[in-house]
Amino acid sequence: MRIDDALTWATFTLVTSDSASLDAQVLLAFVLQKETIYLLTWPERDISKEQQSAFEELIIQRLNGVPVAHLTGTREFWSLPLKVNNSTLIPRPDTEILVETALNYCAQNARILDLGTGSGAIILALASELPDAYCLGVDFSAEAVQLASENRQNLKLNNVYFKRSDWFSAVDGLYDVIVSNPPYIEKDDVHLKRGDLRFEPISALVADENGLADIRKIAEQAPDYLKKGGYLLFEHGFEQAAAVRELLAELGYVEVNTVKDYGGNDRVTMALYK
């Protein structure tokens, strides 16, 4: 089978996907161990029967809803290649807004804490931009800590560390900036039964109190770990911004503001601890 024929078949097979053509290209490039540009440059080249069989198997799995990132084992975030698996959330482009915003409040030698680090995407991105900073990522899941540590090693970032902790339970010291993308989806949200969310750990997605329970818990405890003049930043659902701002203001934080994501939706709220 030729490359262009394989892509045509796969795109037709994945017709119900909003990203059928892109999914096909990424998965075929993965099987061939080439960049996607190779597929467009050499569409007439043949693939072996073994490669065709492997590609067809991946397409069938994708048709059944398995995320592309789980099929390839990788996802790019902040231009960093990250290893991913089903023990953590798949890093999403909108979360880069949290990184962008946090960088505005981080000095070159800042102490930065990432709560619920998952694959390590957020803190690894910050560490890559701030080589003189001290960066710590924590997660309750031992599997997540192992995955994040592997990503740190692969990226050769020596200023970031990972440890297992139930939010602040194993955290010591004070930090200039604390960031978190905690669970914030309501348990009966219909989106949990759609798309990639079906294959991600429910514990990293769902929170009580209309999705605000973990945000509240972190915000209540953060003053014990923030330096005076330090900042707390959350990623949250696009309809939760007002509730998060109100919660932070009630707890005594000031300069509470919300930033929109690339789609124009409220996505990150930050606050100053005085």
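Each remark here, short or long, concerns the structure printed above.
I will try to describe carefully the structure that is included in this document. Just so it is clear, the model here is predicted, and its values are computed rather than measured.

Some remarks on the pattern of salt bridges
Okay, so step 1: Under the counting rule described, the total for this entry stands at six salt bridges.
Okay, so step 2: Residue Asp 4 pairs with Arg 2 through a salt bridge whose shortest N-O separation is 2.6 Å.
Okay, so step 3: For Arg 2, a relative accessible area of 33% puts it in the partly exposed group.
Okay, so step 4: A salt bridge links Lys 227 to Asp 176, with the nearest nitrogen and oxygen atoms 3.5 Å apart. On the criterion of sequence distance, the pair formed by Lys 227 in strand β7 (residues 226-235) and Asp 176 in strand β6 (residues 175-180) is long-range, its members being 51 residues apart.
Okay, so step 5: Classification of Asp 176 by relative accessible area gives partly exposed; the value is 22%.

Quick look at the layout of surface pockets
Okay, so step 1: Of the pockets and cavities examined, the second largest pocket occupies roughly 470 Å³.
Okay, so step 2: Lining the second largest pocket we find 15 residues, and of these Val 26, Glu 35, Thr 72, Thr 74 and Glu 76 sit closest to its centre.
Okay, so step 3: Contributions of two or more residues to the lining of the second largest pocket are made by α2 (20-32), α5 (68-72), β1 (74-77) and β2 (80-83).
Okay, so step 4: Here the lining of the second largest pocket gets four residues from one element, more than from any other, and that element is α2.
Okay, so step 5: Split into classes, the residues belonging to the lining of the second largest pocket amount to eight nonpolar, three polar and four charged.

Things to note about the packing of helix α1 (residues 3-13) against α2
Okay, so step 1: Interhelical geometry of α1 versus α2 gives an angle of 135° and a closest axis separation of 9 Å. Between α1 and α2, the crossing angle belongs to the class labelled oblique. Remark: the crossing between α1 and α2 carries right-handed chirality. For the pair α1 and α2, contact is made by Ile 3, Ala 6, Leu 7, Ala 10 and Thr 11 and by Ala 20, Ser 21, Ala 24, Gln 25, Leu 28 and Leu 32, respectively.

Regarding the pairing of β1
Okay, so step 1: Pairing of β1 with β2, which is carried by four bridges, proceeds in the antiparallel orientation. Bridge pairing in β2 links Phe 77 to Leu 80.
Okay, so step 2: Here β1 folds back onto β2, and the loop between the two strands holds two residues, one of which, Trp 78, carries a positive phi near 55°.

Thoughts on the sheet that holds strand β4 (residues 134-139)
Okay, so step 1: Spatial ordering of the open sheet is given by β5-β4-β3-β6-β7-β9-β8, a layout of seven strands whose pairing is mixed. Looking along the sheet, the strands with just one partner apiece sit at the ends: β5 (160-164) and β8 (254-260). Here the average twist between neighbouring strands, direction ignored, is 15°.
Okay, so step 2: Across five bridges, the pairing between β8 and strand β9 (residues 266-273) is antiparallel. Residue Asn 257 lies in a different strand from β9, and its bridge partner there is Met 270.
Okay, so step 3: Sheet strands in contact with helix α6 (residues 96-103) are β6, β7, β8 and β9, and its direction is about 160° off that of β7.

What about the nonpolar core?
Okay, so step 1: Counting 34 residues, the largest nonpolar core has Ile 112, Leu 124, Leu 126, Val 160, Val 179 and Leu 233 as the members making the most contacts within it.
Okay, so step 2: Here this core takes seven residues from helix α7 (residues 121-129), the largest share from any one element.
Okay, so step 3: Apart from residues lying up to four places away in sequence, Val 160 is in contact with Ile 123, Leu 124, Ala 127, Cys 135 and Arg 152.
Okay, so step 4: Grouped together as the second largest cluster of nonpolar side chains are 24 residues, Tyr 175, Leu 212, Ile 218 and Tyr 273 included.

What counts, and at which threshold
- Residues numbered from 1 in each chain as written.
- Predicted model: local features only at pLDDT ≥ 70, side-chain atom pairs only at ≥ 80, totals over all residues.
- Heavy atoms only, no water.
- Salt bridge = Lys/Arg side-chain N within 4 Å of Asp/Glu carboxyl O.
- Buried < 20%, exposed > 50% of the residue type's maximum accessible area, 1.4 Å probe, protein only.
- Helix = DSSP H or I, 4+ residues; strand = E, 2+ residues; numbered from the N terminus.
- 1 Å grid on protein atoms, 1.4 Å probe; cavity = no way out; pocket = protein on both sides within 12 Å on 5 of 7 lines; lining within 4 Å.
- Points joined across faces, edges and corners; volume = space filled by probe spheres on them.
- Nonpolar A, V, L, I, M, F, W, Y, C, P; charged D, E, K, R; others polar.
- Axes fitted to C-alpha atoms, helices over the stretch in contact; angles between N-to-C directions.
- Parallel < 35°, antiparallel > 145°, perpendicular 65-115°, else oblique.
- Left-handed = near helix turned anticlockwise from the far one by under 90°.
- Contact = heavy atoms within 4.5 Å.
- Pairing = 2+ DSSP bridges.
- Core = buried A, V, L, I, M, F, W, Y, C linked by side-chain atoms within 4.5 Å.

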